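Okay, here's what each chain looks like letter by letter:
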There are 2 protein chains.
Amino acid sequence: MPRTKSYDDKIVLERAMNVFWNNGYEATSVRLLEKEMGINQFSIYSSFSSKKQLFIESIRTYGEHVKKNVYQDLLMEGAGMKELEHYLYRAARKKREPGTSRGCLVVNTAAEIGRSDEDIVREVNGYFGFIRNMLRKVLQTAVAKGEISATTDIEKQSAFFLGVMQGLSVASKTMDPDQLNDFISLAVKQIQ
Amino acid sequence: MPRTKSYDDKIVLERAMNVFWNNGYEATSVRLLEKEMGINQFSIYSSFSSKKQLFIESIRTYGEHVKKNVYQDLLMEGAGMKELEHYLYRAARKKREPGTSRGCLVVNTAAEIGRSDEDIVREVNGYFGFIRNMLRKVLQTAVAKGEISATTDIEKQSAFFLGVMQGLSVASKTMDPDQLNDFISLAVKQIQ
DNA sequence: TTCATATCTAACCAAACGCTTAGAAACAGG
DNA sequence: CCTGTTTCTAAGCGTTTGGTTAGATATGAA
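In this convention, every chain numbers its residues from 1, walking through the sequence in written order. Written order determines the labels here, with chains lettered from A and ligands numbered from 1. Predicted model: local features are reported for residues with pLDDT of at least 70 only, side-chain atom pairs are reported and counted for 80 or more only, and whole-chain, interface and lining totals are derived from all residues. The side-chain numbers reported here are obtained from all heavy atoms of the structure, hydrogens and water having been left aside.

Draft legend 1. Local environment of the overall build of chain A. Helix and strand definitions follow DSSP, with helices as H or I runs of at least four residues and strands as E runs of at least two, each counted in order from the N terminus. Looking only at helices and strands, one finds nine helices and zero strands in chain A. Going from the N terminus to the C terminus, chain A shows its helices and strands as α-α-α-α-α-α-α-α-α. Seen along its three principal axes, the alpha-carbon backbone of chain A occupies a region of about 60 × 40 × 30 Å. For chain A, the residues scored as buried account for 53% of the 192 residues in total. Of all intrachain contacts in chain A linking residues separated by at least 6 positions in sequence, the fraction that spans at least 24 positions is 65%. When the accessible surface of chain A is split by element, carbon and sulfur atoms take 48% of a total near 9,300 Å². Each charge class in chain A was averaged separately, 27 positive and 24 negative side chains, and the resulting centres sit 2 Å apart. Only protein chains enter the accessibility calculation, which uses a 1.4 Å probe; a residue whose area is less than 20% of its type maximum is buried, one above 50% is exposed, and one in between is partly exposed. For this analysis, residues touch if any pair of their heavy atoms sits within 4.5 Å. In this description, accessible areas are obtained by the Shrake-Rupley approach with a 1.4 Å probe, and a residue is regarded as covered only by the protein chains that are shown. Charge convention: Lys and Arg are scored as positive, Asp and Glu as negative, and His as well as the terminal groups of each chain are ignored. In this description, the location of a charge corresponds to atom NZ of lysine, CZ of arginine, CG of aspartate or CD of glutamate.

Right, here's the structure in full:
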């Protein structure tokens, strides 16, 4: 009976994610969101309740985004050191032209919001928990494959590489490609 | 002849730095600034011209702050690996109670503002250039002292530790103290 | 004591903020 | 073709934003 929606929640959510990713949470206005999402404020609020809730769903969408487009190789069965190194070097090489390196949305959020909003902290922790688990599994596979020592401390190493990835997100905005490459090459060498 | 100022620019600037450090740039309003700085908007604007200029001077003040209170040991003549390790472990252990770990103001700024404002980018680059030079000098001293190999690639290693420090700033908001310690212990071990 | 000059208080500005709402428009089952 | 329900448009809500201004208040050299 009702009128049908003229937009797809998933699609406009991905657009919202990109707006937050480009500008940060506070610097993103609802006016800018309605412009970039292609729907007006009424639709934003009726679908996503509030700017904060839209941001939280954007973070979740970002999690799905990176699973498909950033960490896809690392998430495949059998991914080990080769895939981890490949990802890190690729991330260091990115330095995209259009957005001029916007880093990781969740790192940006952790830096901007800190611990002042517990709902957002929950999303941030969930995201990094996922990344950490991905790293644990990759490192376990690397041990099984004999790429790294059987005595490797998986907990320590996964914490290390998570820290490196968080550093890489910031460094991608502040270092030139050569520095980034040096940073990653030593991080990777460390495990051998 | 004129009426004298009732406040000290340096003192109110340090207060402004803390407000930006706690809340980020966008989330800091001029009303909050006047409350925390203890002077009113007229005085803020007559002394610092604009919110952005006040922020830029706050970043410079932060640079002075860390020279005196954070990197003082690393900046002393003769500081080498021992001092670098000591600093990193201390930073990993901090997790302050009042502000609940606000990270590094300049890392937060790089993450929040990105490259969208060139005046701020200039300050950020200046700050990290200084840190990088500090690391270079510490590593050179460490070589001279025989703490690390004479064949150490100072450029690579200083880029690595800068990346680690940027990661540490983010990680201090997202990791628990044990993880942080693991992260740092492997970063330090890497150079040996 | 006068007086030019700078600082202070407090009210004020237009614009932008997040969010809401009344009424028109579109749909699908009866 | 109704009719109930939902979505849409567009105007509007009160509040807060960064920044300004008029006039009162100090100040210290002359």
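Draft legend 2. Looking closely at the environment of Asp153(B). Residue and element names in this part refer to chain B. Tracing the chain through its elements places aspartate 153 in the loop between α7 (118-145) and α8 (154-174). Aspartate 153 gets classed as partly exposed once you look at its relative accessible area, which sits at 40%. For the pair formed by aspartate 153 and glutamine 166, sequence separation is 13 residues and the distance between their alpha carbons is 20 Å.

Draft legend 3. Examining the interface of chain A and chain B more closely. Counting from both sides, the interface comprises 40 residues of chain A and, opposite them, 40 residues of chain B. Accessible area that two parts lose when put together, evaluated with a 1.4 Å probe and summed over both, is termed the buried area. For the pair chain A and chain B, the two sides together bury roughly 3,200 Å², of which 64% comes from carbon and sulfur. Counting the surface chain A buries against chain B, the share from its top three residues, Arg115(A), Lys173(A) and Leu186(A), is 19%. Think of a salt bridge as a Lys or Arg side-chain nitrogen and an Asp or Glu carboxyl oxygen that are within 4 Å of each other. At the boundary of chain A and chain B, one finds zero salt bridges.

Draft legend 4. Molecular detail of the relation of the copies chain A and chain B. Note on the copies: chain A fits chain B at an RMSD of 0.0 Å, the axial shift is 0.0 Å, and the rotation between them is 180°. Overall, the copies show the geometry of a two-fold rotation axis. Judged by C-alpha distance, Gly167(A) is the residue of chain A that lies nearest the rotation axis, at 1.7 Å. For the least-squares superposition of copies, only C-alpha atoms count, and only for residues with pLDDT at least 70 in both.

Draft legend 5. Examining the side chain of Thr174(A) more closely. With respect to the element layout, Thr174(A) can be found in helix α8 (residues 154-174). Taking relative accessible area as the criterion, Thr174(A) reaches 15% and is therefore assigned buried. There is a polar contact of 3.2 Å between the side chain of Thr174(A) and the side chain of Gln166(B). When neighbours within four sequence positions are excluded, Thr174(A) is seen to be in contact with Ala110(B), Arg115(B), Val124(B), Asn125(B), Phe128(B) and Gln166(B). Pairing of N or O atoms within 3.5 Å defines a polar contact, subject to two protein rules: one partner must be a possible hydrogen donor and the other a possible acceptor, and residues neighboring in sequence count only if both atoms are side-chain atoms.

Draft legend 6. Highlighting the packing of helix α5 (residues 81-93) of chain A against α8(A). Residues and elements named next belong to chain A. Between α5 and α8, whose axes approach to 11 Å, the crossing angle comes to 15°. Regarding the angle of α5 to α8, the classification is roughly parallel. At the point where α5 passes α8, the crossing takes the left-handed sense. Seen from α5, the contacting residues are Leu84, Tyr87, Leu88, Ala91 and Ala92; seen from α8, they are Phe161, Met165 and Leu168. Residue polarity is assigned by list, with Asp, Glu, Lys and Arg as charged and Ala, Val, Leu, Ile, Met, Phe, Trp, Tyr, Cys and Pro as nonpolar; anything else, Gly included, falls into the polar class. Considering only residue class, the contact of α5 with α8 consists of eight nonpolar, no polar and no charged. Here, axes are lines fitted to C-alpha atoms. For helices the fit covers the stretch in contact, and angles between N-to-C directions go from 0 to 180 degrees. For classification, angles of less than 35 degrees are called roughly parallel, those exceeding 145 degrees roughly antiparallel, those between 65 and 115 degrees roughly perpendicular, and all remaining angles oblique. Two helices crossing with the near one rotated counterclockwise from the far one by less than a right angle form a left-handed crossing, whereas a clockwise rotation gives a right-handed crossing.

Draft legend 7. Inspection of helix α3 (residues 41-48) of chain A at higher detail. Residues and elements named next belong to chain A. Inspection of α3 places Ser43, Ile44, Ser47 and Phe48 among the buried residues, and these make up the whole buried set. The buried residues of α3 all sit within an arc of 100° when viewed along its axis, so they share a single face. Buried residues along α3 sit against α1 (9-23), α2 (30-37) and α4 (51-69). Directly beyond the C-terminal end of α3, a positive phi value near 70° is found at serine 49. Along the arc lie the directions from the helix axis toward the C-beta atoms.

Draft legend 8. Helix α7 (residues 118-145) of chain A, seen in detail. Residues and elements named next belong to chain A. Multiplying 1.5 Å by the residue count of a helix minus one yields the expected span of that helix. Its 28 residues give α7 an end-to-end C-alpha distance of 40 Å, which sits within 8% of 40 Å, the value for a rise of 1.5 Å per residue. Capping the start of α7 is the job of one residue whose side-chain oxygen sits 3.0 Å from the backbone nitrogen of aspartate 119: aspartate 117. Glycine 146 sits one or two residues past α7 and shows a positive phi near 80°.

Draft legend 9. Focus on empty space enclosed by the protein. Residues and elements named next belong to chain A. A cavity here means a set of points on a 1 Å grid, drawn over the protein atoms and nothing else, where a 1.4 Å probe fits but cannot get out; a pocket is an open set with protein on both sides within 12 Å along at least five of seven lines, and a residue lines either one if it has an atom within 4 Å of a point. Grid points are joined across faces, edges and corners, and a volume is the space filled by probe spheres set on the points. With the rule as written, the count across this model stands at three cavities of 30 Å³ or more. If you trace the largest cavity, you find it lined by Val70, Tyr71, Gln72, Asp73, Leu74, Glu83, His86, Tyr87 and Arg90. In this structure, the second largest cavity occupies an estimated 50 Å³ of space. The dominant element in the lining of the second largest cavity, judged by the number of residues it contributes, is α7, at three residues.

Draft legend 10. Focus on the packing of aromatic side chains. Working definition: rings of Phe, Tyr and Trp (its six-membered ring) pair if their centres are within 6.5 Å, and the pair is stacked with planes under 30 degrees apart, edge-to-face with planes over 60 apart, and tilted otherwise. Applying the stated rule across the entire model yields 19 aromatic pairs over all chains. Plain terms: the ring middles of Phe20(A) and Phe55(A) are 4.8 Å apart, the flat faces sit at 70° to each other, and that makes the pair edge-to-face. In this pair, Phe20(A) is assigned in helix α1 and Phe55(A) in helix α4, connecting sequence segments 35 residues apart. Grouping residues by exposure puts Phe20(A) and Phe55(A) together as buried. These aromatic residues form a ring-pair network of at least three members: Phe160(A), Phe161(A), Phe183(A), Phe160(B), Phe161(B) and Phe183(B). The positively charged end of Lys67(A) is found above the aromatic ring belonging to Phe130(A), 4.7 Å away from the centroid. We count a charge as sitting over a ring when the NZ of a lysine or the CZ of an arginine lies within 6 Å of the ring centre and within 35 degrees of the ring normal. The lysine or arginine in question, Lys51(B), covers the ring of Tyr25(B), its NZ or CZ lying 4.5 Å from the ring centre.

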